[in-house]
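# Results of the structural survey
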Amino acid sequence: MSAPPALHIREANAHLAAVHRRAAELEARLAAAERTVRAQAARLAQHDQQLRAALEDLGRAKDREISALREQLLTSEATVRSLQVAVHQRDKLVGQLRPRADLLQDICHRRPPLAALLVTLEEAERLGPLPASDLSHLLSEGPESSLANCTQEEGDEGRLQPTVFGTTV
């Protein structure tokens, strides 16, 4: 076998050097890519950890809020029950007071006529009784007398009251 010509050897050496350079370049790029991937993986892991922590915080905050809302609901329900009891008691009291209120309303409606009657009775008492001679003359006229008792019952028609005015108010 004969030795390859020097030109072939130089070309082969140049080619091998170029392949080695390319391999070194590719290995450097691979190492850089691996560093980048590791850095990205670390950042993703850190970001994932932050997201997990944030999610856990949100879960705890949600649980606290649910607990607070349940507490508020229980308090509101207790307040509603106590207010319902109070309303029921007041309704019962209103039911007990209604007849009295109706009676007082009736008294208020009847007050003006009663006041007028009292004024009239006071005027009658101020006038005083009739002298005895005038009274006997009036009583002898009988039940058709003009001074007959206005409040007589039908069974009492034959009997007159001898006192015309003398009411006690």
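For every chain, the first residue of the written sequence is number 1, and numbering continues from 1 onward in sequence order. Residues qualify for local features only when their pLDDT is at least 70, as the model is predicted, and side-chain atom pairs are given and counted only at 80 or more; totals for whole chains, interfaces and linings, by contrast, use all residues. Calculation of side-chain values draws on the structure's entire complement of heavy atoms; hydrogens and water are dropped beforehand.

It is worth spelling out the overall build of the chain at this point. Counting its regular elements, the chain contains 2 helices and 0 strands. Relative accessible area decides the class of each residue, using a 1.4 Å probe on protein chains only: under 20% of the type maximum gives buried, over 50% gives exposed, and in between gives partly exposed. In the chain, which comprises 169 residues, the share counted as buried stands at 2%. The accessible surface values rely on the Shrake-Rupley method and a 1.4 Å probe; as for residues, cover is taken only from the protein chains in view. Put simply, the chain shows about 15100 Å² of open surface, and 60% of that area lies on carbon and sulfur atoms. Numbering of helices and strands runs from the N terminus, with a helix taken as a DSSP run of H or I at least four residues long and a strand as a DSSP run of E at least two residues long.

Moving on, we come to helix H1 (residues 6–127). Between its terminal C-alpha atoms H1 stretches 170 Å, which fits the 182 Å expected from 122 residues at 1.5 Å a residue. The quantity called bend is, for any residue, the angle between two axes fitted respectively to the seven residues ending at it and the seven beginning at it. The largest bend in H1 comes to about 45°, at Arg111, with the proline Pro112 one to four residues further on. Positive backbone phi, approximately 85°, marks Gly128, located one or two places after H1. To estimate the expected span of a helix, count its residues, drop one, and scale the result by 1.5 Å.

To continue, consider a nonpolar patch on the surface. By definition, no residue in a patch forms a salt bridge, and every one has over 30% relative accessible area; like charges are joined within 9 Å, nonpolar side chains (Val, Leu, Ile, Met, Phe, Trp, Tyr) within 5 Å. A pairing counts as a salt bridge when a side-chain nitrogen of Lys or Arg comes within 4 Å of a carboxyl oxygen of Asp or Glu. Taken together, the side chains of Leu103, Leu104 and Ile107 define a hydrophobic patch exposed on the protein surface, amounting to about 300 Å² of accessible area. With respect to the helices and strands, the residue Leu103 is situated in helix H1. Overall, Leu103 belongs to the exposed group, its relative accessible area being 53%.

Let's shift gears to the confidence of the model for the chain. Note: pLDDT gives the predictor's confidence per residue, expressed from 0 to 100. Residues of the chain with pLDDT of at least 70 account for 76%, and the chain-wide mean is 84. By the convention used here, residues are in contact when the closest approach between their heavy atoms is within 4.5 Å. When the criterion is pLDDT under 50, residues 145–162 qualifies, and its contacts beyond four places in sequence or with other chains add up to 14 contacts.

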